[in-house]
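Secondary and tertiary structure notes
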Amino acid sequence: MASFESFYQEYPCSYNSPLSCDRPFQTAQQIKGAKFCLECGFPATLPQEAEIKGSQGTYQIASFVGVRGLGRLYSGIQLKDKQPVIIKEYLLPNRCFNESETLKRKETFKRVGGISLADSRIQNFRLVETKEAIADEKGERCYLITKGIESSQTLGKYLIEKGAMTSTDVREVLNQGLQTLQFLHTQKLRFPSNQTQLGITHGNINLDSTLIKVENNQKFSIYFCDLAIWENLFIPPIIAQPAPARPEQDLESLGLLAFYLWAGRTTNFLSNQPLDPRDNQQWPDTDSHLKRFLYRLIGLETPFENAEAARQALLQLPKEDHINSSVRSSSGSQVVEKRLPMPLILLGILALLLLGGGILYWLLGKKTDSPNQYIQWSRLVRNFSEVPNVPSGQFTYTGEKDSTWSYVLTQPVDNSRLGDLLTRPKPDATATFNYESVLSANLNNPIKSIEEVQTNKKDFAITSLVNQITDKLTKKTVAYDGLIVFVAFNKRDSNLANALGGQINIEQLRKIYTGKITNWQQISSKLPNLPVKPFAPTEPEAISKFQEIVLKNAPQDEALFTAKVTKLDTTKTQNQIRSETLEGRTTGIISFGIISKTWKQCTGYPLAIADGKKSAIQPLFQRRDRRSINPSDDLCQHDDYYVDVTTFQSYPLGYPIFVVYPKDSSRLPGGSTFAQMLTTRQGQCLLSKVGLVALQPMPDDINSYACKSVP
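Under an unreviewed UniProt entry, the protein chain has the name Substrate-binding domain-containing protein and belongs to Nostoc linckia FACHB-391.

Structure (structure tokens):
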């Protein structure tokens, strides 16, 4: 099947994917009663409290949840008994389906949308229970009403959040999946039209059509949904329609799903192409018996006759062991373990291409959106309310006093403070998260927050200082911050930022901050004959990261830094620059500070930073032209520039912000849950609004609407 991004090409979506685009949701939020996206005309999402009438009852929308497969999901209730339901909205947009196609597919959907046992028995074979299939008689929408599975998520989202499964867990996924397929393939089933049929093929098993519900004791249940018999009705006619699936294809799809869960990803790191199970290097080496089983299930060796035979073979597998020999393919040829190195001539050509592309990029200075730029963003859990398995209790966490985290918690966002929003991020849960900063006695070694977690005084910490973390703790990256180095800036041609060409390198910084460069002409004769006046901020975290990145934690350099550099609050440094400039003096002040505190100012110009012989990187971009800033820009237009997430990933003075929590499974998982919250779309949006750098690129207009309603 074609990728979802190629669907609905008749609608000129900015992100080339109208179904998962944010704009239809924004339109519905901003304009009451809006039916279509203001930008491209694609059907807008349904508003809150919208009602859908079916033959079994009336259902009311509570909130938009996100996209799964070929439909949009909403949480809702059945009005009669107030029972919660999940509503999947399928679309038949009129630019993609003509009137007769729409009518035919609606009628088919009402006949086949959902299955149950023909003898009306109620058995839990881990299929999402369908209540009814509804077709909007006059519009271009259909609705599948299903019973919600509390605290469940797709395996795709689980894989992103949790990473690879153990071979033991993969075996359990296979056990449950094969049991469900055995039921699907052999039982007499009834459709909504009352037509009965002996067995049905799922035809659409993948990471997004399989849900996982994790219990408190880490046991889990797997549920299948989105069967092809109704899901494929909403593939536009212009897209090649998939052939009817066969039972053996279900086994192959389940095998691939298990392979992805075990490998911990779906694509190759280098090529970004789907993982190929024929490539022996892509397989984990922890369970040779499971690997051989999956070779058969996928069809690379003698396939199983049916789901029952596969499950019996699975249950008889020996316990996991480590592979000591490669698995042979069905043709008997051994999979090559080591690949020949690429010929040197090809490496040379590749290097020239990369060099040429890099030069072109820097010459043009322009940045354009890629159609795939927001794929990582679209795969994130939507908001705090969707984070599963939130433990009950009051959790106290910590960080360094005057640190980035202590600062951003005080910043206003969405008519509140970030700290207030994060105290109880999931209102329907009983978990609260209270922050208490700590101050280390040694300002040059501020790691008190880690000690607080190690000694069980605090449940977890948020910090960038993890050099002395022990193997009893886990750290998870939730955002990035960094240091900005700035010099005096004004609109005159003689300003220092202009004379430096808007950049400086790490070695020059090291010499300035250890007293080896005292006059700007020591860097270049083209610079003014002006004393260098180095300042440092007062925040221990900023000093620690500067010493780590620029001074390489060299004791002698750190001693010179302490002796020769004046520490002054960043605001006071900027005021001194402003004062000297207003007096008509040319100032040689240089200082640095954390991005979240310093980037929205225009007294000091943030220099691009070069590391060694690499090109200088400027992470701040001018919004209008989507290019890096330069000394000719008017930085006093604060809303006109931003931190570019993609570029920042190579910025020499950037560093991650971690949530650090114990590995001890006997303690409630407050830290891991809080990290999950911060890495949802809502969490990343909130962090970006207070000056941190998100983990992945986000849509440009992310700041134009409230983070709490991020789709």
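Concerning the pattern of salt bridges
With the rule as written, the count across this model stands at 22 salt bridges. Glu-89 is the partner of Arg-72 in a salt bridge, and the nearest nitrogen-oxygen pair spans 3.0 Å. Taken together, the residues Arg-72 in strand 3 (residues 71-78) and Glu-89 in strand 4 (residues 83-91) connect sequence positions 17 residues apart. Overall, the relative accessible area of 1% leaves Arg-72 in the buried class. Owing to a relative accessible area of 0%, Glu-89 belongs among the buried residues under this scheme. The partner of Lys-88 in a salt bridge is Asp-226, with the nearest N and O atoms 3.1 Å apart. Here Lys-88 is found in strand 4, whereas its partner Asp-226 is found in the loop between strand 12 (220-224) and helix 5 (228-231), with 138 residues between them in sequence. Classification of Lys-88 by relative accessible area gives buried; the value is 2%.

What about the sheet that holds strand 11 (residues 210-214)?
Strand pairing in a sheet is mediated by backbone hydrogen bonds. Such pairs are either parallel or antiparallel. Judged by pairing direction, the sheet is antiparallel, and its 3 strands sit side by side in the order 8-11-12 without closing on themselves. Edge positions in the sheet fall to strand 8 (152-154) and strand 12, since each of these pairs with one other strand and no more. Along the sheet, successive strands turn relative to each other by an average axial angle of 30°, direction set aside. Sheet topology note: the strand 11/strand 12 ladder contains 5 bridges and is antiparallel. Across the sheet, Val-214 pairs through a bridge with Phe-220, a residue of strand 12.

A few points about the confidence of the model for the protein chain
Predicted coordinates in areas of low pLDDT are best not read in detail. Of all residues in the protein chain, 86% attain a pLDDT of 70 or more, and the chain-wide mean is 85. Considering only residues more than four positions removed or in separate chains, one finds that residues 323-343, a stretch of pLDDT under 50, has 34 contacts. Scored below 50 in pLDDT, residues 355-368 shows 17 contacts in the model against residues more than four places distant or in partner chains.

Overview of the nonpolar core
Ranked by internal contacts, the top residues of the largest apolar core, which has 86 residues, are Trp-405, Trp-520 and Ile-590. Among the elements that take part in this core, strand 18 (residues 473-488) stands out by supplying 8 residues, more than any other. If we skip the residues at most four places from it in the chain, Trp-520 touches Val-487, Leu-496, Leu-500, Ile-504, Ile-512, Leu-527, Pro-528, Leu-530, Pro-531, Val-532, Gly-588 and Ile-590. Core analysis: the second largest hydrophobic core is formed by 71 residues, Leu-178, Leu-184, Leu-189 and Phe-220 among them.

Considering the environment of Tyr-651
Mapped onto the fold, Tyr-651 is located in the loop between helix 20 (645-648) and strand 28 (654-662). On a C-alpha basis, the gap between Tyr-651 and Ile-609 in space is 7.3 Å, while along the polypeptide they are 42 residues apart. When residues no more than four places from it in sequence are discounted, the contact partners of Tyr-651 are Leu-483, Ile-484, Leu-607, Ile-609, Ile-617 and Pro-619.

Re the packing of helix 4 (residues 167-186) against helix 6 (residues 247-263)
In helix packing, the relevant descriptors are the interaxial angle and the interaxial distance, both defined with respect to the helix axes. Two numbers describe how helix 4 lies on helix 6: the axes approach to 10 Å, and their chain directions differ by 165°. Considering the angle they form, helix 4 stands roughly antiparallel to helix 6. Like other packed secondary-structure pairs, helix 4 and helix 6 cross with a definite hand, here right-handed. Note on element contacts: helix 6 touches helix 4 through Pro-247, Asp-250, Leu-251, Leu-254, Leu-257, Ala-258, Leu-261 and Trp-262, opposite Ser-167, Val-170, Val-173, Leu-174, Gly-177, Leu-178, Leu-181 and His-185. Here the contact of helix 4 with helix 6 is composed, by residue class, of 12 nonpolar, 3 polar and 1 charged.

A few points about unusual backbone geometry
With a phi close to 55°, Tyr-8 is a non-glycine residue in the positive phi region. Take Tyr-8: it is sitting in the segment before helix 1 (23-30). Residue classification places Tyr-8 among the buried residues on the basis of a relative accessible area of 3%. Positive phi is not limited to glycine here, since Asp-226 has a value of about 55°.

Analysis parameters
Residues numbered from 1 in each chain as written. Predicted model: local features only at pLDDT ≥ 70, side-chain atom pairs only at ≥ 80, totals over all residues. Heavy atoms only, no water. Salt bridge = Lys/Arg side-chain N within 4 Å of Asp/Glu carboxyl O. Helix = DSSP H or I, 4+ residues; strand = E, 2+ residues; numbered from the N terminus. Buried < 20%, exposed > 50% of the residue type's maximum accessible area, 1.4 Å probe, protein only. Pairing = 2+ DSSP bridges. Axes fitted to C-alpha atoms, helices over the stretch in contact; angles between N-to-C directions. pLDDT = per-residue confidence, 0-100. Contact = heavy atoms within 4.5 Å. Core = buried A, V, L, I, M, F, W, Y, C linked by side-chain atoms within 4.5 Å. Parallel < 35°, antiparallel > 145°, perpendicular 65-115°, else oblique. Left-handed = near helix turned anticlockwise from the far one by under 90°. Nonpolar A, V, L, I, M, F, W, Y, C, P; charged D, E, K, R; others polar.

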